[in-house]
Amino acid sequence: MKKRSCLLLGLIIVLAACQPKQSKKAPVKISPLAEEVKKEFVRTWDAYKKYAWGHDVLLPLSKSYQDWYEESLHISPIDAYSTMKVMGLDEQAKEVENYVIDVINWDKDLFVKTFEVNIRIMGGLLAMYEYTYDPKILLKAEDFGKRMLKAFDSPTGLPYYWVNLKTGETKGTKINLAEAASYMFELGILSYYTGNPVYYQTAKKANMAIWERRSKLNLVADLIDVETGEWLNDHSHICAGADSYYEYLYKSMLLFGDKDSQKMWDVSIEAINKYVAEEDEKSLWYGRVNMHTAERDCIDPHSGRQFASVVTLYDAFFQSILALDGDLRRAEKTQDTWNNLWNKYGLEPMIYDYKDSEPTYPVYDLNPEIIESAYYLFHITGKQKYYDMAEKYWSDIKKYCRTEIAFSSVEDVRTMKKKDYMPTFFFAETFKYLYLTFTKETGEFNLDNYVFNTEAHPFPKKSFEPEKVKKNLGLE
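So, here's what we can say about the structure. All values reported here derive from a predicted model rather than from experimental measurement.

Looking only at helices and strands, the chain has 17 helices and 18 strands in total. For the chain, the C-alpha atoms occupy an extent of roughly 100 × 45 × 45 Å along the three principal directions. For the chain, buried positions account for 59% of its 476 residues. Taking as baseline every contact in the chain between residues at least 6 positions apart, the subset at least 24 positions apart corresponds to 69%. Looking at the chain as shown, the accessible area adds up to about 20,100 Å², and 49% of this sits on carbon and sulfur atoms. Charge separation in the chain, taken as the distance between the mean sites of 61 positive and 71 negative side-chain charges, equals 7 Å.

Written out as structure tokens, the structure is:
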């Protein structure tokens, strides 16, 4: 018996030796710049945990915290999560997952801004579910989605500005274009995961309500009444207050294959490039025009001044969409235009009049948009200049915004005086786009395989099966 056991053991050893060796996956080496961004993310996250845990926002100068509303909505952890996963910070990410499951409850008697919580909380929770497929996280997301739906209970189907998470009560009838129709992406993903088309169809109804009110020039304005459906001004632009409306027309087409979304995008971008773009030999700006006449010299009734040449740093996202759409000439020229503005001050002013060459609101809030576009253009064109741009932006952010514990906004780009605030999108977007640019996509993440929401929460295209999309989103 002993001899037989020895023979059997010998046979097992021989067979094992004959098996092909499993090669261990070598860790991906990333650049020193990517490592630095990751290290700074961890440093900043540790500061949030130390000084602001359980609250929405870290105040980096006073080493304190601030909540958006009377109670915390835990926005920073939810926003930061997908960046943790992209950076491979699984320990920190697991802590956030447990926090969401064990601590967070949406039954709060709070009026919240429908648009803002959609892109941050809904987008962040859905990305968390995509990474984990934990049904408890999906339940949190769907619970939040059901509460959000109450905001769309208006005569036009457009959402009210505010919705109470506990009572479903709504208020705020005047909303901008982005607040009116930037929901198809997140609510479409929620429909896909839950199999309930009501979320996507509700969001799409809002988009169609806007589309039906376009002018003969195929332009839409930036302020509307959700109860009457009347435009409250005639300003047409792609700036803050309109930006994500156009972004989601394209991305809903890209992720879901919605033909209505494609038509709205195709017609809109043609009109924008025809009427809104203002180009000369050196620059390409997307300013503001009258939606009915395309005239630029329009008087803003709220300020009594011309609004045609006023842009916001949020607009610098637009070249990323142009690049995705294959319009590299305009994308690259617009990026150069914004890059020149960054270099003029060392950071971008929040609002800038490109004809007067003066900032009208000189704050820099650690915004990611120009960095986002540099990342897209570096990925799509492979040109070193876009990597170099991102390196310059990171250098300037460190120089002017880095604090003892984290990073701060800047009150005035002309003086670089710091402001005691760090927006949650610095975790979600700015860090992420810098990191992905500096890795040169040497790891598992490749932009071709993902679509980001406007808060930079990533969703892999392969997760969305076309036939299941049609069924679950009600596109059949």
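A word on the sheet that holds strand 4 (residues 162-164). Within the open sheet, the three strands sit side by side as 3-4-5. Their pairing is antiparallel. The open sheet terminates on both sides in strands that have one partner only, identified here as strand 3 (111-113) and strand 5 (170-171). In the sheet, strand 3 pairs with strand 4 via three bridges, with the strands oriented antiparallel. Within strand 4, the position partnered with Val112 by the bridge is Val163. Along the sheet, helix 5 (residues 114-132) makes contact with strand 3 and strand 4, crossing strand 3 at roughly 70°.

On to the packing of aromatic side chains, then. Enumeration over the complete set of coordinates arrives at 45 aromatic pairs. Taking 4.8 Å as the distance between ring centres and 50° as the angle between the ring planes, the aromatic pair formed by Tyr192 and Phe464 counts as tilted. With Tyr192 in helix 8 (residues 184-194) and Phe464 in the loop between strand 18 (458-460) and helix 17 (466-473), the pair connects residues that are 272 residues apart, well separated along the chain. Accessibility classification places Tyr192 together with Phe464 in one group, the buried group. Linked through ring pairs, Phe41, Trp45, Tyr48, Trp53, Tyr99, Trp394, Phe407, Phe426, Phe427 and Phe431 together constitute an aromatic cluster. The ring of Tyr192 carries Lys468 above its face, with NZ or CZ at 4.9 Å from the centroid.

Most peptide bonds take the trans form, and the phi angle of most residues other than glycine is negative. Located in the positive-phi region is Lys63, a residue other than glycine, with phi close to 55°. The exposure class assigned to Lys63 is partly exposed, which follows from its relative accessible area of 30%. In the Ramachandran plot, Leu366 falls in the positive-phi region, its phi being about 60° despite a non-glycine side chain. The topology assignment puts Leu366 in the loop between strand 14 (358-361) and helix 14 (369-381). With a relative accessible area of 0%, Leu366 lands in the buried category.

Now for empty space enclosed by the protein. Per the stated rule, a full pass over the model turns up two cavities of 30 Å³ or more. The computed volume of the largest cavity comes to approximately 40 Å³. Lining the largest cavity are Ile238, Trp285, Tyr286, Val311, Asp315, Phe318, Gln319, Thr334 and Trp338. Of all elements in the fold, only strand 10 (284-286), helix 12 (318-324) and helix 13 (328-345) reach the threshold of two or more residues within the lining of the largest cavity. For the lining of the largest cavity, the class distribution of residues is six nonpolar, two polar and one charged. Of the volumes computed, that of the second largest cavity is approximately 30 Å³. For the lining of the second largest cavity, the secondary-structure elements that each account for two or more residues are helix 10 (243-256) and strand 17 (450-452).

What follows deals with the nonpolar core. Counting 160 residues, the largest nonpolar core has Leu73, Ile210, Tyr246, Leu347, Tyr364 and Ile397 as its most contacted members. For this core, the element with the most residues is helix 5, which contributes 10 residues. Leaving out residues up to four positions away in the same chain, Ile210 has contacts with Leu158, Leu177, Ala180, Ala181, Val220, Ile224, Trp231 and Tyr245.

On to the layout of surface pockets. The volume enclosed by the largest pocket comes to roughly 1,100 Å³. Taken together, 44 residues make up the lining of the largest pocket; nearest its centre are Glu116, Ala240, Gly241, Tyr314 and Met350. Listing elements by their share of the lining of the largest pocket, those giving two or more residues are helix 5, helix 7 (177-180), helix 10, strand 12 (310-312), helix 14 and helix 16 (425-439). For the lining of the largest pocket, the element with the highest residue contribution is helix 5, accounting for four residues. Class assignment for the residues of the lining of the largest pocket results in 17 nonpolar, 11 polar and 16 charged.

If you trace the backbone, Glu95 turns up in helix 4 (residues 90-102). For Glu95, a relative accessible area of 29% translates into the label partly exposed. Sequence separation of Glu95 and Pro77 is 18 residues, and the distance between their C-alpha atoms is 9.4 Å.

On to the pattern of salt bridges. Counted by the stated rule, this structure contains 29 salt bridges. Residues Asp90 and Lys85 are paired through a salt bridge, measuring 3.2 Å at the closest nitrogen-oxygen approach. Look at Asp90 and you get partly exposed, because its relative accessible area is 44%. Residue class for Lys85 comes out partly exposed when judged on its relative accessible area of 22%. Between Asp143 and Arg147 there is a salt bridge whose closest N-O contact spans 3.0 Å. One end of the pair is Asp143 and the other is Arg147, both in helix 6 (residues 135-149) and four residues apart, which spans about a single turn.

The next point concerns helix 5. Over its 19 residues, helix 5 extends 26 Å from the first C-alpha to the last, a length consistent with the 27 Å expected when each residue adds 1.5 Å. Following helix 5 by one or two positions, Tyr133 adopts a phi angle in the positive range, close to 50°.

Criteria and thresholds
Residues numbered from 1 in each chain as written. Predicted model: local features only at pLDDT ≥ 70, side-chain atom pairs only at ≥ 80, totals over all residues. Heavy atoms only, no water. Helix = DSSP H or I, 4+ residues; strand = E, 2+ residues; numbered from the N terminus. Buried < 20%, exposed > 50% of the residue type's maximum accessible area, 1.4 Å probe, protein only. Contact = heavy atoms within 4.5 Å. Areas by Shrake-Rupley, 256 points an atom, 1.4 Å probe, with all protein chains shown as cover. Lys, Arg positive; Asp, Glu negative; His and termini not counted. Charge placed at Lys NZ, Arg CZ, Asp CG, Glu CD. Pairing = 2+ DSSP bridges. Axes fitted to C-alpha atoms, helices over the stretch in contact; angles between N-to-C directions. Phe/Tyr/Trp six-rings, centres within 6.5 Å; stacked < 30°, edge-to-face > 60°. Lys NZ or Arg CZ within 6 Å of the ring centre and 35° of its normal. 1 Å grid on protein atoms, 1.4 Å probe; cavity = no way out; pocket = protein on both sides within 12 Å on 5 of 7 lines; lining within 4 Å. Points joined across faces, edges and corners; volume = space filled by probe spheres on them. Nonpolar A, V, L, I, M, F, W, Y, C, P; charged D, E, K, R; others polar. Core = buried A, V, L, I, M, F, W, Y, C linked by side-chain atoms within 4.5 Å. Salt bridge = Lys/Arg side-chain N within 4 Å of Asp/Glu carboxyl O. Expected span 1.5 Å × (residues − 1).

The analysis is restricted to geometry; functional conclusions fall outside its scope.
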